[in-house]
Amino acid sequence: MAAVETERIGRVCAAICLLSVCSLCTGHTRDRQVLIELNPGSPSPPPGDLLHARAVGDNDTLHFLFCSQGAPTLLLVHTNTSFSTVKVNWAQFNDRNHSGGLTVEPESSVLYSTAVVFNRLLEYDDINDTADPTSDLFPPYDLQDFRWSRLNLSGLTALLCGNTAASSNGSLCLQLSLFETEGRGQHWPRLLHTANSSQLRVWLDGVLPRATRSRFLLELQSVGGASPLNRVEVHRSIDDEFTPSIFKVSQWISALNDSSDVLGFVQWKPVAYRQADPALEDAAPCRHSEPRPQSGEAVAAVSGLIRAFYKEPEATGLNVSFGLAGEPFYNSTKFLSWTLLVGVGSPPVDSFSPLVIGMMAVGLGTPMILLLLGGICVCTRKRAVATAYEPIN
Amino acid sequence: MADYDERQSLLGDESDGREADRGPGRPMPAICDPSHLLHRVVVLVFMCFLGFGSYFCYDNPAALQTQVIRDLNLNTKEFMQLYAWYSWPNVVLCFFGGFMIDRVFGIRLGTVIFSLFVCVGQVIFATGAWWNKFWLMEVGRFVFGIGGESLAVAQNTYAVNWFKGKELNLVFGLQLSMARLGSTVNMNIMGSVYSKVADLVGSPGHSALGASLMIAAMTCLFSLICALVLGFLDKRAEKILHKEEGKTGEVVKLTDVKDFPLPLWLIFIICVGYYVAIFPFIGLGQVFFIEKFNFSPAQARAVNSIVYIISAPASPVLGFMVDKTGRNVIWVIIAVVTTLCAHMMLAFTFWNPWIAMSLLGLSYSLLACALWPMVAFVVPEHQLGTAYGFMQSIQNLGLALIAMAAGAILDSRGYLLLEVFFCACVCIALMAVVTLYFVDYLRGGDLNRSAAARAKLQKEAASEAE
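Reference entry: report on the structure contained in this document. Bear in mind that the values here come from a model prediction, so they are computed numbers and not experimental data. (Residues numbered from 1 in each chain as written. Chains lettered and ligands numbered in written order. Predicted model: local features only at pLDDT ≥ 70, side-chain atom pairs only at ≥ 80, totals over all residues. Heavy atoms only, no water.)

## Side note on the overall build of chain B
- The number of helices and strands found in chain B is 17 helices and zero strands.
- Here the C-alpha atoms of chain B give a radius of gyration of 23 Å, agreeing with the 23 Å that 2.2 N^0.38 yields for 466 residues.
- For chain B, the C-alpha atoms occupy an extent of roughly 70 × 50 × 40 Å along the three principal directions.
- A total of 466 residues make up chain B; the buried ones form 57% of that total.
- When contacts within chain B are restricted to residue pairs at least 6 apart in sequence, long-range pairs at least 24 apart make up 79% of them.
- Surface accessibility of chain B: about 18,900 Å² in total, with carbon and sulfur atoms responsible for 66%. (Helix = DSSP H or I, 4+ residues; strand = E, 2+ residues; numbered from the N terminus. Rg over C-alpha atoms; globule rule 2.2 N^0.38 Å. Buried < 20%, exposed > 50% of the residue type's maximum accessible area, 1.4 Å probe, protein only. Contact = heavy atoms within 4.5 Å. Areas by Shrake-Rupley, 256 points an atom, 1.4 Å probe, with all protein chains shown as cover.)

Quick look at the structure:
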């Protein structure tokens with residue numbers, strides 16, 4: 001009976017999956033067309049690579065710019081035409097003294113822009129296993145001082161790795177993924193993404209900790225022209241199907257005056273993984289600090305892309321700390337991986353998978369049908385018995 | 001005179017003509033009279049304590065988890081072997097245990113033998129700890145397992161023999177609360193027993209562990225004494241009431257299993273579908289409450305154990321209620337639906353899990369009181385042991401398989417899907433119980449009769465026999 005049941009569930013699920021795939025096919029195959037260029041128009045390889053991805057929609061364009069001049073930075077520019085372009089004045093860009101090295105034309109088409117700067121990596125010695133990062137901070141790693149590799153492109157992903165100038169042990173890597181359609185990442189935390197977002201996976205691999213009980217924090221800064229990302233919302237979700245045992249999603253959004261219209265977002269699940277190919281026990285919960293306003297000028301000094309694009313940058317910053325009290329220390333695996341989504345518009349919202357809906361529908365439906373069939377069966381039988389008695393009377 | 005005897009064995013409750021049994025002029029006080037309620041209460045006490053030892057010792061490893069792991073230098077996986085050695089053999093063994101009760105030993109000798117197994121197993125287990133020989137401890141758990149589960153089958157069979165048509169549901173409820181009491185007492189006192197023994201021995205270590213486990217073996221000895229007393233009382237009742245000890249001239253065969261009636265198979269499905277959604281869930285529950293509801297580990301432990309804590313006092317009360325009303329199938333439906341609601345609450349809401357877990361505790365007790373006695377209504381008495389043994393066996397099989405499946409689901413797809421999976425299991429139980437209701441209705445069966453109708457039927461049968 002159980003076997004029959006699971007088979008039936010399987011069949012229904014397959015049918016539902018098929019339906020949803022079909023609806024995708026008939027709807028639209030691609031939400032955006034993504035074109036990638038490396039160092040557009042540069043006469044010679046610049047000191048740090050600049051990736052430009054143009055994601056063209058029906059009547060708008062998203063420009064994704066990813067650069068390793070200074071601290072690694074991802075810049076998103078949303079324009080309202082499908083013809084907007086990016087112009088780079090390479091001399092000025094590499095100079096990193098004045099803004100205007102990078103412009104989006106026509107300038108009037110720009111609707112919104114936001115940038116995320118990976119500023120510093122902090123390490124602290126958690127002697128008492130409290131996971132309280134205020135104590136015993138080591139001198140931070142400034143990511144602008146890292147030796148960054150060239151960008152390694154494959155398909156719609158780009159990989160950037162770097163290590164400290166002092167030692168060549170281990171590396172900090174960032175992998176940018178761009179998307180033409182809605183979908184979900186292959187690896188945990190399997191964030192849901194749309195064509196309006198890009199995913200960044202950041203990992204530390206083999207970097208030697210400076211203490212056996214070291215834990216790490218990552219300092220992020222968000223930069224915007226008028227409205228940088230200004231508040232972090234933590235939503236609870238009952239659905240942990242794609243990120244087992246994580247029931248929360250955090251989103252750092254920019255919203256104007258408490259209105260519900262979200263212009264841009266950085267979204268992540270509060271979990272990092274201690275293995276490249278993680279099992280459930282390798283999940284390390286993370287926490288974030290409250291976003292605080294930062295000096296825009298300081299951020300521009302750190303990141304070439306910010307300097308080139310923004311005239312008067314406004315910045316906010318927050319720290320993400322990996323691991324809670326009682327959790328294993330970084331030293332146990334010397335690996336830590338964390339994923340975030342950066343996009344414009346409202347952040348994507350998870351919904352139940354067809355598998356969950358299918359199982360509940362079959363599970364609750366079948367007893368109901370049985371009850372109905374049984375009821376009918378009993379009624380007809382009763383009536384049959386009653387009519388059989390009539391002739392005697 | 002012969003008439004009287006026949007009536008006696010059929011109408012245990014009739015109070016006239018009692019003297020005829022022992023000859024005129026020698027009336028028995030109620031407490032010694034096997035057909036009197038007071039005597040049954042005495043029997044019930046022994047029946048309940050029959051299982052106490054095995055329930056107490058079953059969870060000894062859990063109660064001393066840190067000590068066992070530290071003193072014997074184990075890791076968690078090796079530690080879990082102590083439970084695996086108990087569970088896996090029982091997938092097959094308690095079926096044969098039940099069969100042995102019906103066919104070879106009879107209920108009295110069978111109970112004593114299985115109690116002996118429990119005792120000897122616990123002593124081997126303790127000796128293994130004393131000598132720091134882990135393999136010997138595993139052997140001990142294995143021997144203990146042979147006895148433990150089959151003893152539960154014997155306990156069920158005894159209960160039916162003495163209480164069918166009387167307070168059967170209540171008795172099943174009481175046995176459940178006794179089982180819970182056994183493990184709760186164990187969880188709470190073994191730690192302090194260990195530290196007292198460690199003080200006496202001089203230092204904590206494997207000898208202290210062995211000694212405290214040997215002390216725990218006293219409870220098994222106590223249960224063995226209960227088995228002996230129970231055997232004596234049963235024999236005496238048989239002589240007085242001239243009832244035969246399950247020997248109706250029909251011989252049980254292993255192949256009887258394939259001829260079990262449809263309602264019994266449905267009861268088996270309910271049993272497996274229901275229990276696999278309870279025990280594996282409680283096993284994984286603690287982390288679930290920490291992750292999803294942000295409970296502290298202590299709170300999580302508390303909310304996780306509420307199911308068992310509720311079931312100890314609730315099951316006799318609910319059993320009494322089922323006794324007074326009858327209609328077992330309806331009660332089982334209520335229990336299954338309540339469990340389904342509780343699981344759905346845990347899966348799809350952030351409501352305080354105390355609500356869902358309390359509901360789970362109540363429905364778990366209600367199901368135990370209403371489901372297990374139903375077996376006695378659908379199989380002839382001489383197959384009871386076999387039926388209960390088979391039920392216990394497939395329950396063990398289901399639990400072992402589903403526990404592994406649940407772990408795999410959790411690791412790859414998370415708690416939501418795990419909860420949905422448990423809901424699906426309960427839904428299978430629900431389908432089975434709905435089917436059971438209609439099958440029983442169409443067959444004019446006894447399962448869903450009210451208590452009044454049952455009593456009336458019994459009276460009619462009795463007068464016909466006269």
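Once the structure has been displayed, the description carries forward.
## Notes on the interface of chain A and chain B
- In this complex, chain A contributes 34 residues to the contact, which on the side of chain B involves 32 residues.
- Each partner contributes to the roughly 3,000 Å² buried at the junction of chain A and chain B, and carbon and sulfur atoms together form 76% of this total.
- Joining chain A to chain B, the criterion identifies one salt bridge.
- Where chain A packs against chain B, one counts four residue pairs in polar contact (both at pLDDT 80 or more).
- Breaking the side of chain A that touches chain B down by element, the ones donating at least two residues are α1 (2-27) and α5 (354-389) of chain A.
- No other element matches the 17 residues that α5 of chain A contributes to the side of chain A that touches chain B.
- A per-class count over the side of chain A that touches chain B returns 20 nonpolar, six polar and eight charged. (Buried area = accessible area lost by both parts, 1.4 Å probe. Salt bridge = Lys/Arg side-chain N within 4 Å of Asp/Glu carboxyl O. Polar contact = N/O pair within 3.5 Å; in protein donor to acceptor, adjacent residues only side chain to side chain. Nonpolar A, V, L, I, M, F, W, Y, C, P; charged D, E, K, R; others polar.)

## Some remarks on the packing of aromatic side chains
- The tally for this structure, following the rule as stated, stands at 48 aromatic pairs over all chains.
- On the basis of an interplanar angle of 70 degrees and a centroid distance of 5.5 Å, the ring pair of Phe-49 of chain B and Phe-222 of chain B is categorised as edge-to-face. Taken together, the residues span a long stretch of sequence, with Phe-49 of chain B in helix α2 (residues 37-50) and Phe-222 of chain B in helix α9 (residues 206-241) at a distance of 173 residues.
- Take Phe-49 of chain B: its relative accessible area is 28%, and that puts it in the partly exposed class.
- Here the aromatic rings of Phe-289 of chain B and Phe-295 of chain B are separated by 6.4 Å at their centres, their planes lie at 35 degrees, and the arrangement is tilted. Neither Phe-289 of chain B nor Phe-295 of chain B differs from the other in exposure class; each is buried.
- Three or more aromatic residues link up through ring pairs in this structure, and these residues are Phe-247 of chain A together with Phe-281, Phe-288, Phe-289, Phe-293, Phe-295, Phe-350, Tyr-415, Phe-421 and Phe-422 of chain B.
- One cation-aromatic arrangement involves Arg-184 of chain A over Phe-242 of chain A; the distance from NZ or CZ to the ring centre is 3.6 Å.
- Looking at Arg-141 of chain B, its charged tip hangs above the ring of Phe-125 of chain B, at a distance of 5.5 Å from the centre. (Phe/Tyr/Trp six-rings, centres within 6.5 Å; stacked < 30°, edge-to-face > 60°. Lys NZ or Arg CZ within 6 Å of the ring centre and 35° of its normal.)

## A word on the nonpolar core
- Among the nonpolar cores identified, the biggest contains 152 residues, and Phe-281, Phe-289, Val-332, Met-357, Leu-371, Trp-372 and Val-375 of chain B are the most heavily contacted of them.
- Here this core takes 31 residues from helix α16 (residues 384-443) of chain B, the largest share from any one element.
- Not counting residues within four places of it along the chain, the set of residues in contact with Leu-371 of chain B comprises Ile-267, Ile-270, Cys-271, Val-332 and Met-391 of chain B.
- In this structure, Leu-62, Leu-172, Trp-252 and Val-266 of chain A belong to the second largest nonpolar core, which totals 47 residues. (Core = buried A, V, L, I, M, F, W, Y, C linked by side-chain atoms within 4.5 Å.)

## Concerning the side chain of Ser-223 of chain B
Residues and elements named next belong to chain B.
- Tracing the backbone through its elements, the reader meets Ser-223 in helix α9.
- From its side chain, Ser-223 meets the backbone oxygen of Leu-50 in a polar contact 3.2 Å long.
- When residues no more than four places from it in sequence are discounted, the contact partners of Ser-223 are Phe-49, Leu-50, Gly-51, Phe-52, Gly-53 and Ser-115.

## A few points about the state of the cysteines
- Here the structure, examined in full by the defined rule, presents one disulfide over all chains.
- For Cys-161 of chain A, the disulfide goes to Cys-173 of chain A, at an S-S distance of 2.0 Å. Here the disulfide of Cys-161 of chain A and Cys-173 of chain A is right-handed, its torsion about the S-S bond being about 105 degrees. Placement of the pair is Cys-161 of chain A in strand β11 (residues 157-163) and Cys-173 of chain A in strand β12 (residues 171-178), with a sequence separation of 12 residues.
- Overall, Cys-173 of chain A belongs to the buried group, its relative accessible area being 3%.
- Of all cysteine sulfurs in the structure, the one in Cys-379 of chain A sits closest to Cys-377 of chain A, which takes part in no disulfide; the separation is 9.5 Å.
- Free of any disulfide, Cys-226 of chain B has its nearest cysteine sulfur in Cys-48 of chain B, 9.6 Å distant. (Disulfide = S-S within 2.5 Å.)

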